[in-house]
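Structural overview for review
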Amino acid sequence: MKPLIIGHRGTPIYAKENTLLAFEKAIAFGADMIEFDVRRTRDRVPVVFHDAYLGRKPLRKLTYAELHELEPDIPTLKEAIAFCKGRIRLDVELKGAGYERDAMELLLNAFSPDEFVITSFHPFAIRKVKQHYPDVKAGFLFGHGTVNVCRSLRWNAKAVSNRIRATRADFIAPNWELLDSQILSRVLGYLPIWVWTVNDTPMMERLLSDRRVEGIITDRPDVGIYLRQHLNRNVG
């Protein structure tokens with residue numbers, strides 16, 4: 001069954017991303033997991049939303065009531081958890097640091113530690129999750145912006161590897177374009193890999209055969225499931 005096929009924000013090609021409708025479609029397609037983003041409103045309500053701004057308004061300065069009035073289809077984390085409970089596993093990305101405990105308490109009230117993972121670009125968020133919830137699997141996200149930060153700090157591959165080790169991350173989740181990046185060369189040798197966001201069919205086929213890859217995050221989970229089934233038939 002490996003790699004896992006993970007619906008990126010549900011299925012944004014077929015429904016509005018990070019909504020319950022997008023999650024329903026990912027479940028119907030047979031995705032192994034749903035990936036979604038979590039931020040917190042001014043009144044400390046964790047919500048499923050990717051961007052830091054809604055229009056020109058910072059999400060962190062809006063109350064949940066104000067946010068809901070502007071975008072009524074944005075679910076709270078609690079609503080998303082209730083919707084997915086018993087139906088699919090979750091890949092929950094924390095878009096910031098400081099609300100790890102709030103998110104974890106909601107998740108662990110409904111899911112066992114093996115039914116979800118936490119990911120983040122923020123090393124402090126990953127470290128805090130692993131410190132207080134060691135049974136929960138956590139992954140460090142790595143994108144082009146992260147590469148630029150590392151280069152500005154003049155970190156080489158060894159320094160990057162040491163920093164990621166210090167977070168106690170269980171896996172690394174790089175953008176697919178960084179799989180051959182020199183700065184990640186040491187990390188990719190010892191940590192499992194979850195790759196995002198893979199929508200190109202030939203690339204997906206290649207990654208399905210890559211033994212290092214544990215998970216493929218895609219806007220097209222229906223295609224990923226079909227390709228994996230086809231690959232498994234050919235192998236068998």
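No experiment lies behind these values; they were computed from the predicted model shown. (Residues numbered from 1 in each chain as written. Predicted model: local features only at pLDDT ≥ 70, side-chain atom pairs only at ≥ 80, totals over all residues. Heavy atoms only, no water.)

1. Points about the overall build of the protein chain
- Per the secondary structure count, the protein chain includes nine helices and eleven strands.
- With the C-alpha coordinates aligned to their principal axes, the bounding extent of the protein chain is approximately 50 × 45 × 35 Å.
- Out of the 236 residues belonging to the protein chain, those deemed buried represent 53%.
- Across the protein chain, every contact between residues at least 6 apart in sequence was considered, and the portion connecting residues at least 24 apart equals 57%.
- Summed over its atoms, the accessible surface of the protein chain is roughly 11600 Å², and 50% of this surface lies on carbon and sulfur atoms.
- Side chains of the protein chain carry 35 positive and 29 negative charges; the gap between the two charge centres is 7 Å. (Helix = DSSP H or I, 4+ residues; strand = E, 2+ residues; numbered from the N terminus. Buried < 20%, exposed > 50% of the residue type's maximum accessible area, 1.4 Å probe, protein only. Contact = heavy atoms within 4.5 Å. Areas by Shrake-Rupley, 256 points an atom, 1.4 Å probe, with all protein chains shown as cover. Lys, Arg positive; Asp, Glu negative; His and termini not counted. Charge placed at Lys NZ, Arg CZ, Asp CG, Glu CD.)

2. Some thoughts on the environment of Lys-95
- Residue position: Lys-95 is located in the loop between β6 (89-94) and α4 (100-110).
- Take Lys-95: its relative accessible area is 16%, and that puts it in the buried class.
- Spatially, the C-alpha atom of Lys-95 lies 6.4 Å from that of Ser-120, the residues being 25 residues apart in sequence.
- Look past the residues within four positions of Lys-95 in its chain and what remains in contact with it is Asp-37, Val-38, Arg-39, Phe-49, His-50 and His-122.
- A polar contact is formed between the side chain of Lys-95 and the side chain of Glu-93, at a distance of 3.0 Å. (Polar contact = N/O pair within 3.5 Å; in protein donor to acceptor, adjacent residues only side chain to side chain.)

3. A look at the pattern of salt bridges
- Using the criterion set out here, one finds twelve salt bridges in the structure.
- Across the pair Glu-71 and Lys-16 runs a salt bridge, and its minimum N-O distance is 2.6 Å. Separated by 55 residues along the polypeptide, Glu-71 in the loop between α2 (64-70) and α3 (77-84) and Lys-16 in the loop between β1 (4-8) and α1 (20-29) bring together distant segments of the chain.
- With relative accessibility at 21%, the residue Glu-71 sits in the partly exposed group.
- A salt bridge links Asp-102 to Arg-40, with the shortest nitrogen-to-oxygen separation between them at 3.1 Å. (Salt bridge = Lys/Arg side-chain N within 4 Å of Asp/Glu carboxyl O.)

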